[in-house]
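Coordinates in review
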Amino acid sequence: MMSASGSRPGRRYARVSRCVTFSASHRLHSKSLSDEKNLKLFGKCNNPNGHGHNYKVVVTVHGEIDPVTGMVVNLTDLKDYMEEAIMKPLDHKNLDQDVPYFADVVSTTENVAVYIWENLQKVLPVGVLYKVKVHETDKNIVVYKGELSALGD
């Protein structure tokens, strides 16, 4: 029987977050726009030599707290998943040149969040990933939860 909250009696659900920080460079530039339009749109972030950030990523997973282990997910496992999906492909890289995903995708923080989400989905157990939060700077933060637009469907 389900309780009013939709969970089984006596079962608890929680969200668990873990952070990593990686350094990477990039250039905001769309191949679909002229050089003039890119410069106008992206300003100094369109510098032909690129620029860098120390990105902070907060990954949140969710699920039932296992009654035996007391965990939603083993944090050691989550650390390993994040190493594989975030640190190995992105840390100390030029996103536009070293990460094939960004060959035709503008390396905005929004798209970095989507990339991380998609990479984590490949390694995490199904249905566990809840949210990816990417801090490009202290003032620029993107949250992605895997949402797709209904447009174009």
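To be clear, the structure that these remarks concern was listed above.
Residues numbered from 1 in each chain as written. Predicted model: local features only at pLDDT ≥ 70, side-chain atom pairs only at ≥ 80, totals over all residues. Heavy atoms only, no water.

A word on the nonpolar core
Counting residues in each nonpolar core, the largest one holds 32 residues, and the members touching the most others are Phe22, Val57, Val59, Ile86, Ile116, Leu120 and Val132. Secondary-structure elements contributing two or more residues to this core are strand 1 (13-26), strand 2 (51-64), helix 2 (75-90), helix 4 (109-123), strand 4 (129-135) and strand 5 (141-144). With seven residues, the top contributor of residues to this core is helix 4. Setting aside anything within four residues of it in sequence, one finds Ile86 in contact with Val20, Phe22, Val57, Val59, Asp91, Ile116 and Leu120. (Core = buried A, V, L, I, M, F, W, Y, C linked by side-chain atoms within 4.5 Å. Buried < 20%, exposed > 50% of the residue type's maximum accessible area, 1.4 Å probe, protein only. Helix = DSSP H or I, 4+ residues; strand = E, 2+ residues; numbered from the N terminus. Contact = heavy atoms within 4.5 Å.)

Structural notes on the pairing of strand 2
The side chains of a regular strand alternate between the sheet's two faces. For strand 1 and strand 2, the ladder comprises 14 bridges, and the chain directions are antiparallel. Each bridged residue has a counterpart across the sheet, and for Cys19 the counterpart in strand 2 is Val58. (Pairing = 2+ DSSP bridges.)

So, the pairing of strand 4
The buried count for strand 4 comes to five of seven residues, which makes it a mostly enclosed element. As paired elements, strand 2 and strand 4 share six bridges and run antiparallel to each other. Each residue of the ladder has a partner; that of Val58, found in strand 4, is Lys133. Connecting the antiparallel pair strand 4 and strand 5 is a turn made up of five residues.

As far as function goes, none of this settles anything; it's purely spatial.
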